[in-house]
Amino acid sequence: MELSPNIAALQPSATMVVANRAKELAAAGKDIVELTVGEPDFDTPAFVAEAGIQAIRDGRTRYTPAAGINPLRAAVANDLQRLSTRSVEVDPQGVVVSAGAKQALFNVIFSLFGPGDRVIVPVPYWTTYPELIQIARAEPVFVKGPEENSYKISVDDLEAVAARGGVKGLMINSPSNPSGAVYSTSELQAIAEWAAERKVWLVSDEIYRRIYFRGKVAPGVLDLPSELLERVVVVDGASKAFAMTGWRLGFSYSSKAVASKLSALQSQTTSNVSTPTQYAALAAYQREDEADREVERMRAAFENRKNVLAAELKSRLPDVSYVEPEGAFYFFINTKNLARPGENSLDFCERLLVDANVAVVPGAAFGDDSYFRLSFASPESALVEAVRRIAATR
Ligand code: PLP
């Protein structure tokens, strides 16, 4: 089959392999504890869902501008400003509303990078980054920080790669999927200073920013001095914070010049995000007090589960190490004292599924074959049962 080089290296989402097998086993009557999911198990807050329904009733079912309705772009800009510790000036015209953070990332990566460009991707990474970089025919370059710093990268790691030339971009995802690691403001600042100096685009995926366990909202690049933000693009959205994964609402925030190109690209591909979705998101971003209450309810539940899971791991699997999650809803767990000799992360996860009826995602999907990812977007009872079952396989 003669297909375009555009997609020659494209792989289907690797996080789905075990999840699909788990679905088959569950359909065949097995009692599977399913911890592969990458979405909140909560419902979309009622006031947000109602705003979407009302929009349909009001006939708001036509095209909108590609970058989104103006009140939503303004509400998103206002929200970014409100959450920034510096209250930076955020221009609504820098906001482009997309079908999920994933489309925002596609727009950004496809618009900023191309053939011959190298884009640094810290490991472990969200599985989609290398694929999007390759669709743009740029080259992902993987960098790993030290285990004792939750694999977070530093300027020294970046400099080592950049010295070989051709680096045009850097992806940062904090809080991280899959590790839950969070960069501090000073770590982000050092990285942003390096990127500014090297004239490297910094793409900061902050989709888990409000699922944070050391405060209300994790540090983000908009907490940094504005002179560092010229080549910075923020990607965020409603999926995780407001439990809106199926609505498909994400956005990018960049300079106006970049935003107008992202908007042009989107106008020629998918046009605007579904109009009722935009009105639902408008409620989420505009009605701050109600939104903050709902976000806090979910955040607190995730934090509680994280603590329960950490206690279970400590008592049943004390010799098993993991990255201490400070945000998002995943544990990234080392298979070292769990896997059998010769087992890679996929073998291990398949055995866990068949022998223990626990579904988790192999670390290979995130660039590290000696780990697996366990999502705690599931009720506490499932998490406790999963650890019990994993311990019983030994
Ligand atoms: N970025 C990261 C790190 C994610 O984990 C996800 C979803 O899993 C996304 C972006 C995409 O989010 P959305 O559902 O808004 O497209």
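Please read these numbers as outputs of a predicted model, since none were measured by experiment. (Residues numbered from 1 in each chain as written. Predicted model: local features only at pLDDT ≥ 70, side-chain atom pairs only at ≥ 80, totals over all residues. Heavy atoms only, no water.)

### Things to note about the overall build of the protein chain
From N to C terminus, the protein chain includes 12 helices and 13 strands. The C-alpha atoms of the protein chain give 21 Å as radius of gyration, which agrees with the globular expectation for 394 residues (21 Å, within 12%). Counting only C-alpha atoms and orienting by the principal axes, one finds that the protein chain spans roughly 55 × 55 × 50 Å. Evaluated residue by residue, the protein chain yields a buried proportion of 56% over its 394 residues. Sequence separation of at least 24 residues holds for 75% of the intrachain contacts in the protein chain that already meet a minimum separation of 6. Accessible surface, the protein chain as shown: approximately 16600 Å² in total, 50% of it carbon and sulfur. Charge centroids of the protein chain, computed over 42 positive and 48 negative side chains, lie 2 Å from each other. (Helix = DSSP H or I, 4+ residues; strand = E, 2+ residues; numbered from the N terminus. Rg over C-alpha atoms; globule rule 2.2 N^0.38 Å. Buried < 20%, exposed > 50% of the residue type's maximum accessible area, 1.4 Å probe, protein only. Contact = heavy atoms within 4.5 Å. Areas by Shrake-Rupley, 256 points an atom, 1.4 Å probe, with all protein chains shown as cover. Lys, Arg positive; Asp, Glu negative; His and termini not counted. Charge placed at Lys NZ, Arg CZ, Asp CG, Glu CD.)

### Brief notes about the packing of aromatic side chains
Under the criterion given, the structure shown has 18 aromatic pairs. Between Y151 and Y371, the aromatic rings sit 5.8 Å apart at their centres with planes inclined by 85 degrees, giving edge-to-face as the arrangement. Here Y151, found in the loop between β4 (139–144) and α6 (155–162), pairs with Y371, found in strand β13 (residues 371–375); they are 220 residues apart in sequence, far enough to count as distant. Taking the centre distance of 6.1 Å and the plane angle of 80 degrees together, the rings of F251 and Y285 count as edge-to-face. With F251 in strand β8 (residues 250–253) and Y285 in helix α9 (residues 275–286), this residue pair connects regions lying 34 residues apart in the sequence. Comparing F251 with Y285, the two get one shared label, buried. Put simply, the rings of F42, Y208, F213, F302, Y322, F329, Y330, F331 and F376 pair up and form one aromatic cluster. Of note, K152 hangs over the ring of Y183, and the distance from its end group to the ring centre comes to 5.7 Å. Positioned over the ring face of W201 is R231, at 5.5 Å from the centre of the ring. (Phe/Tyr/Trp six-rings, centres within 6.5 Å; stacked < 30°, edge-to-face > 60°. Lys NZ or Arg CZ within 6 Å of the ring centre and 35° of its normal.)

### Some thoughts on the sheet that holds β4
The 7 strands are arranged β2-β8-β7-β6-β5-β3-β4 in an open sheet whose pairing can be described as mixed. Unpaired on one side and paired on the other, β2 (95–98) and β4 mark the two borders of the sheet. In this sheet, neighbouring strand axes are inclined to one another by 20 degrees on average, regardless of whether the strands run parallel or antiparallel. Pairing of strand β6 (residues 201–205) with strand β7 (residues 232–237), which is carried by 4 bridges, proceeds in the parallel orientation. (Pairing = 2+ DSSP bridges. Axes fitted to C-alpha atoms, helices over the stretch in contact; angles between N-to-C directions.)

### As for the packing of helix α3 (residues 70–83) against α9
Contact pair α3 / α9: the axes reach a minimum separation of 9 Å and the direction vectors enclose 30 degrees. It follows that α3 is roughly parallel to α9 by the angle criterion. As for the relative orientation of α3 and α9, their crossing is left-handed in sense. Of the residues in α9, those touching α3 at P71, L72, A75, V76 and D79 are Q278, A281, L282, Y285 and Q286. Here the residues of the contact of α3 with α9 sort into 7 nonpolar, 2 polar and 1 charged. (Parallel < 35°, antiparallel > 145°, perpendicular 65-115°, else oblique. Left-handed = near helix turned anticlockwise from the far one by under 90°. Nonpolar A, V, L, I, M, F, W, Y, C, P; charged D, E, K, R; others polar.)

### Here we look at the side chain of R305
Mapped onto the elements, R305 comes out in helix α10 (residues 288–316). R305 gets classed as buried once you look at its relative accessible area, which sits at 8%. Filtering out sequence-adjacent residues up to four positions away, R305 remains in contact with D41, F42, F376, A377, S378, P379 and L383.

### Some details on the environment of E197
If you trace the backbone, E197 turns up in helix α7 (residues 185–198). Spatially, the C-alpha atom of E197 lies 46 Å from that of A46, the residues being 151 residues apart in sequence.

### Section: the sheet that holds strand β9 (residues 322–323)
Read across the open sheet, the 4 strands follow the order β9-β10-β13-β12; overall the sheet is antiparallel. Only two strands of the sheet have a single neighbouring strand rather than two, namely β9 and β12 (361–362). Examined bridge by bridge, strand β10 (residues 330–334) and β13 share 5 bridges and lie antiparallel to one another. Paired with I333 across the bridge in β13 is F372.

### Here we look at the domain arrangement of the protein chain
Each domain of the protein chain was delimited in the assignment, giving domain 1 (5–43 + 291–392) and domain 2 (46–287). In this structure, domain 1 and domain 2 have C-alpha centres spaced 25 Å apart. Carbon and sulfur atoms make up 56% of the surface buried where domain 1 meets domain 2, a total of about 3300 Å² over both sides. Among the ionic pairs, R214 bridges to E326, the shortest N-O distance being 3.1 Å. Counting every contact that joins domain 1 to domain 2 gives 17 residue pairs in polar contact (both at pLDDT 80 or more). (Domains from an automatic or database assignment. Buried area = accessible area lost by both parts, 1.4 Å probe. Salt bridge = Lys/Arg side-chain N within 4 Å of Asp/Glu carboxyl O. Polar contact = N/O pair within 3.5 Å; in protein donor to acceptor, adjacent residues only side chain to side chain.)

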